[in-house]
Every structure is written in structure tokens, then in C-alpha cells.
Amino acid sequence: MDELDTGLRLRHRDVQLAFADAQHPRTVLNEVSDSIKKDISYWQTEGVAVAAVAPRADGSGVMVMVDQATADLAAAMRERYEFPNLELTQGEVAPA
């Protein structure tokens, strides 16, 4: 175990900890997320409202919240960004 593992395990003895490498580096997740955010107006012209985009905390991919999550839209986004691990969820951001 390295210092981080040991330090956390000693500080939190009552918590079961498991460490694993993320599937994708944070830099890649951020690049994909930023590309989608920059394309929000493009998706609007395609009839898609993108409400939110964020890297998944576990490093497994990028979550994209859209008004209508369909398999065709997911395939189009995966192809456009050349990134297979996009998860589309349906939702919208309500005005404050």
C-alpha cells in the first residue's frame, strides 16, 4: 500500500475502503465534457436540449442530461465525440 492508502485506512478503520484505477483519466473526461458543452448550440439546432454535462465521479465516462434520451441520440453523440462511454439521462434544468 502507498502512503495515501495507509493514511486513509489508519484514519478510518471502521470504513471498508477499496481503491481502483478509473477507467478513463480525468483529463480525457474533462475534454469530452468540454467538447459537448461547446456544442450545446449545435445540439439545439438538431432539436436536442442539453441540460447538463459532467464527468462521472468514478471515472467510468461522461453523463449527459438531455430532454429526450434515445438510443439514436446516444449513438450520434458517441460517434461525434469518438467516446463510447457517454451515458444519456433524461431531465431538464428548471429556471431558478
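Look up a bit, the structure's there.
Since this is a predicted model, take the numbers as computed values, not measurements. (Residues numbered from 1 in each chain as written. Predicted model: local features only at pLDDT ≥ 70, side-chain atom pairs only at ≥ 80, totals over all residues. Heavy atoms only, no water.)

## Focus on the pattern of salt bridges
Definition in use: Salt-bridge detection follows one rule: a side-chain nitrogen of Lys or Arg within 4 Å of a carboxyl oxygen of Asp or Glu. Note on conventions: DSSP H or I runs of at least 4 residues are helices, E runs of at least 2 residues are strands, and numbering of each starts at the N terminus. Buried means the residue's accessible area, taken with a 1.4 Å probe over protein chains only, is under 20% of the maximum for its type, while exposed means over 50%, and partly exposed covers the values in between.
Across all of its chains, the model carries 3 salt bridges by this definition. As a salt-bridge pair, Asp39 and Arg80 come within 2.9 Å of each other at their nearest N and O atoms. Taken as a pair, Asp39 in the loop between helix H2 (26–38) and helix H3 (40–45) and Arg80 in helix H4 (residues 71–81) lie far apart in primary sequence, 41 residues in all. We classify Asp39 as buried; its relative accessible area is 17%. Linked by salt bridges that have partners in common, Arg56, Asp58 and Glu87 make up one network.

## Points about the nonpolar core
Note the cut-off: Buried Ala, Val, Leu, Ile, Met, Phe, Trp, Tyr and Cys residues that are joined via side-chain atoms within 4.5 Å together make up what is termed a nonpolar core.
Residues Val62, Val64, Met77 and Leu86 are the most contacted members of the largest nonpolar core, which totals 17 residues. If one sorts the elements of this core by residue count, H4 sits on top with 4 residues.

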